[in-house]
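# Fold and geometry: a report
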Amino acid sequence: MVAPPRYDTGDPDPEPADPEAAEAVPTGLGDRLRAARLANGFKLDEAARLTRLSVAYLSRLEHERRQPSLPALLTLARVYNTTVSELLGEDAAATEPVVRARAAEPVEAHGWTYWRVGSPRRGMQALRVRVPAGRADGPGRVHPGEEWLYVLSGQLRLTLDGATHLLAPGDVAHFDSGLAHRMESADAYLPVEFLMVHAAPALVAFSPCLPAHI
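Residues numbered from 1 in each chain as written. Predicted model: local features only at pLDDT ≥ 70, side-chain atom pairs only at ≥ 80, totals over all residues. Heavy atoms only, no water.

### Structural notes on the packing of helix 2 (residues 44–51) against helix 3 (residues 55–62)
Running from N to C, helix 2 and helix 3 cross one another at 110°; their axes reach a closest spacing of 9 Å. When the axis of helix 2 is compared with that of helix 3, the two are roughly perpendicular. Of the two elements, helix 2 crosses helix 3, and the hand of that crossing is right-handed. Here L44, D45, A47, A48 and T51 of helix 2 come into contact with helix 3, specifically with V55, L58, S59 and E62. Within the contact of helix 2 with helix 3, the residues separate by chemical class into five nonpolar, two polar and two charged. (Axes fitted to C-alpha atoms, helices over the stretch in contact; angles between N-to-C directions. Helix = DSSP H or I, 4+ residues; strand = E, 2+ residues; numbered from the N terminus. Parallel < 35°, antiparallel > 145°, perpendicular 65-115°, else oblique. Left-handed = near helix turned anticlockwise from the far one by under 90°. Contact = heavy atoms within 4.5 Å. Nonpolar A, V, L, I, M, F, W, Y, C, P; charged D, E, K, R; others polar.)

Structure representation (structure tokens):
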């Protein structure tokens with residue numbers, strides 16, 4: 001029997017080479033990940049099978065010896081029937097349809113900065129993302145679903161399925177996140193900021209929502 005594909009979250013299993021990288025300040029993320037897993041009745045090995053992440057990697061996340069990348073968070077939120085916002089500890093009571101700028105607190109994970117720009121407990125995960133200047137290391141990320149990007153400032157270098165695209169402010173990308181993709185700043189000195197919406201596979205619908213002539 002052929003084993004199911006393992007999605008690459010951009011986070012290799014080995015510990016980081018720098019010992020200090022493992023000494024992260026506790027944020028409560030590990031406890032929330034463990035609580036979400038247990039709320040679904042999953043043992044670590046069951047969660048590893050469903051997320052296609054290793055048991056060792058999940059254990060390090062729950063003990064806050066690693067910071068998850070956004071693809072890993074999206075996968076964990078989908079499998080644990082929760083949202084990235086709730087895993088990051090944002091106010092779960094904020095279910096209003098309007099998200100006020102003054103209430104959007106930045107959250108840092110895996111070197112990127114995120115702001116929630118959508119309501120929790122929604123199928124689509126909407127975030128404002130800032131990626132620091134410089135090239136990204138590691139393989140392209142692969143995870144189920146679709147992604148939509150809108151560049152706000154800076155220059156985004158999107159490598160998608162081996163092809164490189166440079167996006168300026170106002171440019172949009174919409175793609176199958178099952179294709180290997182990497183997002184990074186195209187400027188060596190300035191960060192790039194963009195809006196990102198991720199839709200899980202079950203939510204991807206292909207019925208038209210606009211008149212055919214548009």
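Resuming the write-up.
### What about the side chain of S185?
Tracing the backbone shows S185 in strand 8 (residues 181–185). Within polar-contact distance, the side chain of S185 engages the backbone oxygen of D187 at 3.1 Å. Of the polar contacts made by the side chain of S185, one reaches the backbone oxygen of L190; its length is 2.6 Å. The contact partners of S185, leaving out residues within four places of it in the chain, are V131, P132, A133, G134, Q155, R157, L190, P191 and V192. (Polar contact = N/O pair within 3.5 Å; in protein donor to acceptor, adjacent residues only side chain to side chain.)

### Considering the nonpolar core
In a soluble, globular protein the nonpolar side chains are often hidden away together inside. The biggest cluster of nonpolar side chains holds 40 residues, and the ones touching the most others in it are L149 and F194. With residues up to four places along the chain from it excluded, the contact list for F194 reads L127, R128, V129, V131, L149, Y150, V151, L152, L156 and M183. (Core = buried A, V, L, I, M, F, W, Y, C linked by side-chain atoms within 4.5 Å. Buried < 20%, exposed > 50% of the residue type's maximum accessible area, 1.4 Å probe, protein only.)

### Things to note about the sheet that holds strand 1 (residues 107–109)
The six strands are arranged 1-2-3-9-4-7 in an open sheet whose pairing can be described as antiparallel. Sheet topology places strand 1 and strand 7 (172–176) at the edges, where each strand pairs with a single neighbour. For this sheet, the mean angle separating the axes of adjacent strands, direction not counted, is 25°. Against the sheet, helix 4 (residues 70–79) engages strand 2 (112–116), strand 3 (124–131) and strand 9 (192–199), with an angle of about 25° to strand 9. (Pairing = 2+ DSSP bridges.)

### Let's talk about helix 2
For helix 2, the set of buried residues is A47, A48 and T51. Seen along its axis, helix 2 keeps its buried residues to an arc of 100°; they face one direction. Buried residues belonging to helix 2 abut helix 1 (29–39), helix 3 and helix 4. A positive phi of about 60° marks R52, the residue just after helix 2. (Arc of directions from axis to C-beta.)

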